[in-house]
Amino acid sequence: MRSLLFVPGDSEKKLEKGLTSGADVLLIDLEDSVSAERKDAARQIAAEFLRANQGQKSPRLFVRINDLASGLADADLDAVMPALPHGILLPKSNSGKDVTRLSAKLNVHEAHADVAEGTTQILAIITETALGTLSTATYPDASSRLIGLSWGAEDLSAVIGARAVRDETGRYTDVFRLARALTILGASAADVAAIDTVYINYKDDAGLARECAEAERDGFTAKLAIHPAQVPVINAVFTPSADAVHHAQKIIDAFASDPSSGVIGIDGQMFDRPHLRRAERLIGRVRGS
Ligand code: COA
Ligand code: MG
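Calculation criteria
- Residues numbered from 1 in each chain as written.
- Chains lettered and ligands numbered in written order.
- Predicted model: local features only at pLDDT ≥ 70, side-chain atom pairs only at ≥ 80, totals over all residues.
- Heavy atoms only, no water.
- Donors = N, O, S within 2.8 Å, 3.2 Å for Na, K, Ca; no water.
- Helix = DSSP H or I, 4+ residues; strand = E, 2+ residues; numbered from the N terminus.
- Domains from an automatic or database assignment.
- Salt bridge = Lys/Arg side-chain N within 4 Å of Asp/Glu carboxyl O.
- Buried < 20%, exposed > 50% of the residue type's maximum accessible area, 1.4 Å probe, protein only.
- Phe/Tyr/Trp six-rings, centres within 6.5 Å; stacked < 30°, edge-to-face > 60°.
- Lys NZ or Arg CZ within 6 Å of the ring centre and 35° of its normal.
- Expected span 1.5 Å × (residues − 1).
- Arc of directions from axis to C-beta.
- Near = heavy atom within 4 Å.
- Polar contact = N/O pair within 3.5 Å; in protein donor to acceptor, adjacent residues only side chain to side chain.
- Areas by Shrake-Rupley, 256 points an atom, 1.4 Å probe, with all protein chains shown as cover.
- 1 Å grid on protein atoms, 1.4 Å probe; cavity = no way out; pocket = protein on both sides within 12 Å on 5 of 7 lines; lining within 4 Å.
- Sits in = over half its atoms within 2 Å of the grid points.
- Nonpolar A, V, L, I, M, F, W, Y, C, P; charged D, E, K, R; others polar.

S.K.: Pulling in residues and values, what's your account of the coordination of the magnesium ion (ligand 2)?
M.R.: Around the magnesium ion (ligand 2), the donor atoms from the protein are D32 (OD) and D155 (OD), and they sit 1.9 to 2.1 Å away. Within this pair, whereas D32 is found in the loop between β2 (25–29) and α2 (39–52), its partner D155 is found in helix α6 (residues 154–160), the two being separated by 123 residues in sequence.

What follows is the structure, encoded as structure tokens:
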């Protein structure tokens, strides 16, 4: 999972286009990109789209429902769960408890649909509220369905009353940098993927490439997209290079051939256990994507 493309759930045209975008995951949106008057229409369109594309391997099809405090989440799940999405994206999560609550709701839907409990995966956006941002350590053991955590700046800026999320040089200001860092740490603690947030200037490929490179450097393994043109840029950065894969395999092989050793030398460089763990994560990502 490298790229996750948001598609407004009430747009049949964009949903179709999303299928051939090259994204690893489509995030069929019932939340912020759909107006209150269009929620019902979006639920029906999303369910039909899921039914028409059932069994589809790539992109995987997730639905972003409205948050658990909105009063809309249950109607969203009622509409889309019978059509068996691969997963649900939970926005404005306040803590691991919200993921546990969502998981309990999914148990009921899975029982109705006669599919195995736990089939539906969960992604969550964890920094869209102040409380959520302060609770990013609460996701370990929230649910075995949870596969990734992402962050958001725009909703958080609205709740804290910030006039901007970036300074005049384009750098995120402190609260948003904190939210970003806490997401990396929260995802690592929960042993799930850290997914970088959207880059909203969808015509600025150079800016997107720069932000992807920084995200990949810092520990994110995927990024949210809002436009199909962003997908190839994201996939290029988050696909480990042949060199990186070769190097990681070399480290794994060296430790495997000398299992009692805590530290080894390759080409004049020292590698110890944290390097082995990093190499194993990278190979795991290659196998998983
Ligand atoms: N998914 C699939 N297709 C998309 C798309 C998306 N997210 N965004 C644009 N497209 C399609 C357009 O329909 C258009 O198709 P066409 O060539 O067949 O007419 C093509 O890609 C080019 O789009 P473009 O004209 O550059 O953009 P636009 O003005 O139509 O749309 C946005 C701009 C921002 C409204 C649109 O990209 C969008 O809806 N993004 C997702 C927003 C969202 O879900 N936000 C919630 C999360 S923050
Ligand atoms: Mg939002």
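S.K.: How would you sum up the domain arrangement of the protein? Please name residues and give values.
M.R.: In terms of domain boundaries, the protein breaks down into domain 1 (3–238) and domain 2 (242–288). Once you take the C-alpha centre of each, domain 1 and domain 2 turn out to be 32 Å apart.

S.K.: I'd love a proper account of the pattern of salt bridges, names of residues and values included.
M.R.: Side chains that differ in sign of charge can pair as their charged atoms come close. As enumerated under the stated definition, the model contains 18 salt bridges in all. R38 is the partner of D10 in a salt bridge, and the nearest nitrogen-oxygen pair spans 3.1 Å. Here R38 lies in the loop between β2 and α2 and D10 lies in the loop between β1 (3–8) and α1 (12–19), a separation of 28 residues in the sequence. For R38, a relative accessible area of 35% gives the class partly exposed. Here K92 makes a salt bridge to D32, at a shortest N to O gap of 3.6 Å. Of this pair, K92 sits in the loop between β4 (87–90) and α4 (96–113) while D32 sits in the loop between β2 and α2; the two residues are 60 residues apart in sequence, bridging distant segments of the chain. Exposure remark for K92: the relative accessible area of 18% places this residue in the buried category. Residues participating in the shared-partner salt-bridge network are D29, E31, D32, R64, K92 and D155.

S.K.: Before we move on, could you go through the packing of aromatic side chains and cite the residues and values that matter?
M.R.: Enumeration according to the criterion identifies 1 aromatic pair in this entry. On the basis of an interplanar angle of 65 degrees and a centroid distance of 5.2 Å, the ring pair of W151 and Y172 is categorised as edge-to-face. Taken as a pair, W151 in the loop between β6 (146–150) and α6 and Y172 in the loop between α6 and α7 (174–190) lie far apart in primary sequence, 21 residues in all. Here the two residues W151 and Y172 agree in accessibility, since each one is buried. The ring of Y172 has R166 sitting right over it, with the charged end atom 4.1 Å from the ring centre.

S.K.: I'd love a proper account of α4, names of residues and values included.
M.R.: Along an α-helix, residues three or four positions apart point the same way, because every turn accommodates 3.6 residues. Compared with the 26 Å implied by 1.5 Å per residue over 18 residues, the 26 Å span of α4 between its first and last C-alpha is a close match. For α4, the full list of buried residues reads G96, D98, V99, L102, S103, L106, H109 and E110. Summarising the axial view, the buried residues of α4 lie within an arc of 135 degrees, below the 170-degree limit, and thus occupy one face. Set apart from the buried face of α4 by more than 90 degrees, the exposed residues are K97, A111 and H112.

S.K.: Explain the site of ligand 1 residue by residue, including any values.
M.R.: Lining the immediate surroundings of ligand 1 are 15 residues, of which F6, K13, K14, I226 and H227 lie closest. K17 is positioned such that a nitrogen or oxygen atom in its side chain is 3.4 Å from an oxygen atom of ligand 1. The protein chains hide 64% of the 890 Å² of surface that ligand 1 would expose on its own. With respect to the detected pockets, ligand 1 is housed in the second largest pocket. Across the shell around ligand 1, the residue classes tally to 7 nonpolar, 3 polar and 5 charged.

S.K.: Give a description of unusual backbone geometry that names residues and reports values.
M.R.: In this chain, S58 is followed by P59 through a cis amide linkage whose omega measures 0 degrees. Locating P59 in the fold gives a position in the loop between α2 and β3 (60–64). Backbone geometry places D141, a non-glycine residue, at a positive phi of 70 degrees. Turning to its location among the elements, D141 is positioned in the loop between α5 (130–133) and β6. A positive phi is found at D191, a non-glycine position, where the angle reads about 60 degrees. Structurally, D191 can be placed in the loop between α7 and β7 (193–196). Using a relative accessible area of 58% as the deciding quantity, one classes D191 as exposed.

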